[in-house]
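In case you want the letters, here they are:
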Amino acid sequence: MPGQTATLAHRVAHLLVNGADPRRILLMTFSRRAAARLTARVERITAQATGTAVAAEALTWAGTFPPASARILRDHALAVGLHPEFSIHDREDSADLADLCRHGTGFLRPRPLSHQGTCAVYSRAVSAEEPLAEVLHRPFPWVAQWETEPQAALQIYVAAKQAQNVLDYDDLLLARAQVISDTPISHPHQGRWDHVLIDEYEDTSASRPVS
């Protein structure tokens, strides 16, 4: 386990051993595997320190950003224009849907934009809050000459998600950012956690997942 993650596990264990409520700790990392390793490490450290392990299940807000975002959004879905029973597409599901939409427009070139590439363009435009034209001309310049076709494909992709009541990972972060920026909605959450710990957090998008 990298040093930073090990330090984080010891920090959480220290809080728990000293009486912190595990339900009031927000512990975020970037993959399910990392989350499982992190909570297992916390269990081992607390067991060594006290003779009794704090079960991973007690850390009710430990995991990755998408499930935490979805959990908050389901409580406030209607307030931000969502249906509470929305489903979530992972990266592979999102790529499959985007590919269907791309084929629906007949936009089968260029090869670098096929399948995962369509999602990459969309994700960059959404998370960085940049116009599609700007995204195509900078991060994806080899696609810029086909600007009209990706625009059409992505419009169909967004419409398909809305019709299916589906959110992808970028939607989750954006909708959560909308929730926490709305004072009446966010107020009950402001005192929800006493400790917020993020593993290897890198702020790479304009929509910050944590405020």
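Overview of the structure.

Thresholds, definitions, all that
Residues numbered from 1 in each chain as written. Predicted model: local features only at pLDDT ≥ 70, side-chain atom pairs only at ≥ 80, totals over all residues. Heavy atoms only, no water. Phe/Tyr/Trp six-rings, centres within 6.5 Å; stacked < 30°, edge-to-face > 60°. Helix = DSSP H or I, 4+ residues; strand = E, 2+ residues; numbered from the N terminus. Buried < 20%, exposed > 50% of the residue type's maximum accessible area, 1.4 Å probe, protein only. Lys NZ or Arg CZ within 6 Å of the ring centre and 35° of its normal. Axes fitted to C-alpha atoms, helices over the stretch in contact; angles between N-to-C directions. Parallel < 35°, antiparallel > 145°, perpendicular 65-115°, else oblique. Left-handed = near helix turned anticlockwise from the far one by under 90°. Contact = heavy atoms within 4.5 Å. Nonpolar A, V, L, I, M, F, W, Y, C, P; charged D, E, K, R; others polar. Polar contact = N/O pair within 3.5 Å; in protein donor to acceptor, adjacent residues only side chain to side chain. Pairing = 2+ DSSP bridges. Salt bridge = Lys/Arg side-chain N within 4 Å of Asp/Glu carboxyl O. Expected span 1.5 Å × (residues − 1). Core = buried A, V, L, I, M, F, W, Y, C linked by side-chain atoms within 4.5 Å. Right-handed = clockwise from strand over helix to strand, strands pointing away.

With respect to the packing of aromatic side chains
Evaluated as defined, the whole model comprises 2 aromatic pairs. Centre to centre, the rings of Trp-61 and Trp-193 are 5.2 Å apart; their planes meet at 80 degrees, and the pair counts as edge-to-face. In this pair, Trp-61 is assigned in the loop between helix 2 (32-50) and strand 2 (62-64) and Trp-193 in the loop between helix 9 (183-190) and strand 5 (195-198), connecting sequence segments 132 residues apart. In this structure Trp-61 comes out as buried when scored by relative accessible area, which is 6%. For Trp-193, a relative accessible area of 16% gives the class buried. Over the face of the ring belonging to Trp-61 we find Arg-71, whose NZ or CZ atom lies 3.8 Å from the ring centre.

Focus: the packing of helix 3 (residues 65-76) against helix 8 (residues 169-181)
Between helix 3 and helix 8, whose axes approach to 9 Å, the crossing angle comes to 50 degrees. When the axes of helix 3 and helix 8 are compared, the pair comes out oblique. Considering how the two elements wind past one another, helix 3 and helix 8 form a crossing that is left-handed. Residue-level contacts link Phe-65, Pro-66, Ser-69, Ala-70, Ile-72, Leu-73 and His-76 of helix 3 to Tyr-169, Leu-172, Leu-173, Ala-175, Arg-176 and Val-179 of helix 8. Counted by class, the contact of helix 3 with helix 8 contains 10 nonpolar, 2 polar and 1 charged residues.

Here's the deal with the environment of Asp-90
Summarising the element assignment, Asp-90 is placed in the loop between strand 3 (87-88) and helix 4 (91-104). Residue class for Asp-90 comes out partly exposed when judged on its relative accessible area of 29%. A distance of 3.1 Å separates a polar atom in the side chain of Asp-90 from the backbone nitrogen of Glu-92.

Comments concerning the sheet that holds strand 2
In spatial order, the strands read 2-1-5; together these 3 strands make up an open sheet with parallel pairing. Among the strands making up the open sheet, the edge pair consists of strand 2 and strand 5. Along the sheet, successive strands turn relative to each other by an average axial angle of 20 degrees, direction set aside. Where strand 1 (residues 25-29) meets strand 2, 3 bridges bridge the pair, whose relative direction is parallel. Residue pairing for strand 2: Met-28 is matched across the bridge by Gly-63. Docked against the sheet, helix 3 engages strand 1, strand 2 and strand 5, running at close to 105 degrees with respect to strand 2.

Let's talk about the pattern of salt bridges
Evaluated as defined, the whole model comprises 5 salt bridges. Ionic pairing is found between Lys-161 and Asp-171, a salt bridge with its closest N-O pair at 2.7 Å. Note that Lys-161 is positioned in helix 7 (residues 148-164) and Asp-171 in helix 8, a separation of 10 residues in sequence. Exposure remark for Asp-171: the relative accessible area of 14% places this residue in the buried category. One continuous salt-bridge network, built from bridges that share partners, spans Lys-161, Asp-168 and Asp-171.

Observations concerning helix 8
Here helix 8 spans 18 Å end to end across 13 residues, near enough to the 18 Å set by a 1.5 Å rise per residue. If you check which residues of helix 8 are buried, you get Tyr-169, Asp-170, Asp-171, Leu-172, Ala-175, Arg-176, Ala-177 and Val-179. Capping the start of helix 8 is the job of one residue whose side-chain oxygen sits 3.1 Å from the backbone nitrogen of Asp-170: Asp-168.

Points about the nonpolar core
Nonpolar side chains in soluble globular proteins generally cluster together in the buried interior. Of all hydrophobic cores here, the largest spans 19 residues; its most connected members are Trp-61, Leu-73, Leu-82, Phe-86, Leu-167, Leu-172 and Val-179. Elements with a minimum of two residues in this core: strand 1, helix 3 and helix 8. The dominant element in this core, judged by the number of residues it contributes, is helix 3, at 5 residues. In this structure Val-179 touches Ile-72, Leu-73, His-76, Val-80, Ile-185 and Ser-186, once residues within four positions along its chain are discounted.

Description of the pairing of strand 1
Burial analysis of strand 1 places 5 of its 5 residues in the buried class, the great majority of the element. Side chains of strand 1 alternate between two faces, with Ile-25, Leu-27 and Thr-29 and Leu-26 and Met-28 buried alike. Note: strand 1 against strand 5, 4 bridges, orientation parallel. From the neighbouring strand, Ile-25 faces strand 5, where its bridge partner is His-195. Of the crossover connections in this fold, the one passing from strand 1 over helix 2 to the parallel strand 2 is right-handed.

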